[in-house]
Amino acid sequence: MKRKIIMSFLFVLAALGVWAAKVDKAQTIIVNGVKRSYNLYVPNNVKENAPLVFSLHGTGGHKEDKSPFRTSVADSKGCIVVYPQGTDIYFPVFGGTLPGWHSEGVTSDDIEFFKAIIDKVDSEYPVDHERIYCCGFSNGGMMTYTVANVASDIFAAFASISGFPLNEFHLHHTSARPVPFLHIHGKADDFVKYSLMPSIVDNMVARNGANPVPEVKTVSGKYKKSVYAATEAGFPYIYYEVDGMGHNDYTANTEDGNSALTMWKFFEQYTLSSPCDKTLKWRPNIDAEGWKPNQHGWITNTTTTLLLFGRDQKTNANQNVYRSLQFEEGKYKVCFSTEGEEGKMLTVKLQKLTGSKNVVLNQQVKVGKDVQLFFDIEGGWGEYRFTILRESNSDVVTVKDLAIYSATADEEAACVSSISSNNLVSNAIYSTAGIKQLSLNRGVNIVKSSDGSVKKILR
């Protein structure tokens, strides 16, 4: 009854266009039997179905810091902000236990905490679930990358300042969909090192299928802004490199003179329904005009290796930040087109770099064909090396429109059924591209039996 009275009162105020008063108070909530806390900020001018921003503090920070999203921006834009409190975590880099976030790229009690906050806030101040956003500073920025990975079905867009996964945290980019992402980093940041950002950028740009050749704006003495523009069915990744900025949660060196306002202007362009291709998992756009793959972690045109991506692993020097191709368990398809001398063959390989290190794809394809190969990932998350080999280092072949998508069994069956049985020799083994193989490869193999029937064999 009390909630109904409160909600009725709130809806009357909403009809007038504003809430009665600003709310700026600490809240508590029980999540999985543990008391968690957050600060709730509701500005005077907030309207019904308001956007909601999560603002995550850095290691050792507190909800009272109201970092990095400033309440002044909430006041001017009419959005609700929550400042969650992290739990005590042992951080090896500090040699002690401090408040922070479980930002390992996988789901955790922190994610459950965020979901519970949304439900609680929504019960009191109706929230627009299409416009829930997440930003963070330092370890909070690392957590923002984790939220983007595991909760992209809840949060519409993301922004990080001075934070990306490193050391004991590792970037996972296997989210349910591409994600709009903005990153701000100081050129003088030698803690969460600015020098390591190129790998983060490359990983996120490929995950989003964005154009790897950015549109760049430089303002001398302030910032360099690189917009990796969205291509078909993806989202952009926007990167600010800020002059004179160290490991900080705020800068005035953006075109808005306010990093929190810059985050908001990015957020407000997107809703959870902003169109994208949710099956897109990796599109590096290696054939983009002006882009040089070998400067971004690729090996190209080296002996019989036409293309190779995925080789650097954790070292002390790279602080666990490196270019990586990652998948969760499931069915996938790799697609590309080729140009070159007819009759030449390519071998497409995908090998796991973690755990069992097994080969999940090893198939031949003909040059001059559009390629669509299916493969299965088993055993949960892993990192992989993708390779395309040519028969001779003198073969001139071009690969275009390389991309990997999630796939369904129906898609795979349709691909197999499109191969004419008339072109198959009895008791021979073929790939899903219709190429004859010497033996069974991992994944789907096609075999024409002596009775004329065509069967799929999964190895």
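Above this text is the structure in question.
In this report, the structure presented in the accompanying data block is examined. (Residues numbered from 1 in each chain as written. Predicted model: local features only at pLDDT ≥ 70, side-chain atom pairs only at ≥ 80, totals over all residues. Heavy atoms only, no water.)

1. Quick word on the pairing of strand β11 (residues 223-228)
Here is step 1: A large share of β11 lies buried, amounting to 5 of its 6 residues.
Here is step 2: Between the antiparallel neighbours strand β10 (residues 215-219) and β11 lie 3 residues, among them Gly221 with a positive phi of about 80°.
Here is step 3: For β11 and strand β12 (residues 237-242), the ladder comprises 6 bridges, and the chain directions are antiparallel. In the sheet register, Val227 faces β12, and the bridge partner there is Ile238. (Buried < 20%, exposed > 50% of the residue type's maximum accessible area, 1.4 Å probe, protein only. Helix = DSSP H or I, 4+ residues; strand = E, 2+ residues; numbered from the N terminus. Pairing = 2+ DSSP bridges.)

2. Topic: the side chain of Asn258
Here is step 1: Looking at the secondary structure, you find Asn258 in the loop between β12 and α6 (259-267).
Here is step 2: For Asn258, a relative accessible area of 14% translates into the label buried.
Here is step 3: Of note is the side chain of Asn258, whose polar atom sits 3.1 Å from the backbone nitrogen of Leu261.
Here is step 4: Setting aside residues no more than four positions away along its own chain, Asn258 makes contact with Ser72, Val73, Tyr250, Thr251 and Ala252. (Polar contact = N/O pair within 3.5 Å; in protein donor to acceptor, adjacent residues only side chain to side chain. Contact = heavy atoms within 4.5 Å.)

3. Focus on the nonpolar core
Here is step 1: Membership of the largest hydrophobic core comes to 53 residues, with the highest contact counts inside it found for Phe54, Phe114, Phe155 and Tyr237.
Here is step 2: No other element matches the 7 residues that helix α3 (residues 109-124) contributes to this core.
Here is step 3: Tyr237 has contacts with Tyr145, Phe181, His183, Met197, Ile200, Val201, Met204, Val205, Asn208, Ser226, Val227 and Tyr228, leaving out every residue within four places of it along the chain.
Here is step 4: Counting 32 residues, the second-largest nonpolar core is a separate cluster that includes Leu325, Val365, Ile377 and Ile404. (Core = buried A, V, L, I, M, F, W, Y, C linked by side-chain atoms within 4.5 Å.)

4. Considering unusual backbone geometry
Here is step 1: The omega torsion across Ser67 and Pro68 is 0°, close enough to zero to call that bond cis.
Here is step 2: By secondary structure assignment, the location of Pro68 is in the loop between β3 (50-56) and α2 (71-77).
Here is step 3: Positive phi outside glycine occurs at Ala233, with the angle close to 70°.
Here is step 4: With respect to the helices, strands and loops of the structure, Ala233 is situated in the loop between β11 and β12.
Here is step 5: If you check the backbone angles, Asn285 has positive phi at about 50° while not being a glycine.

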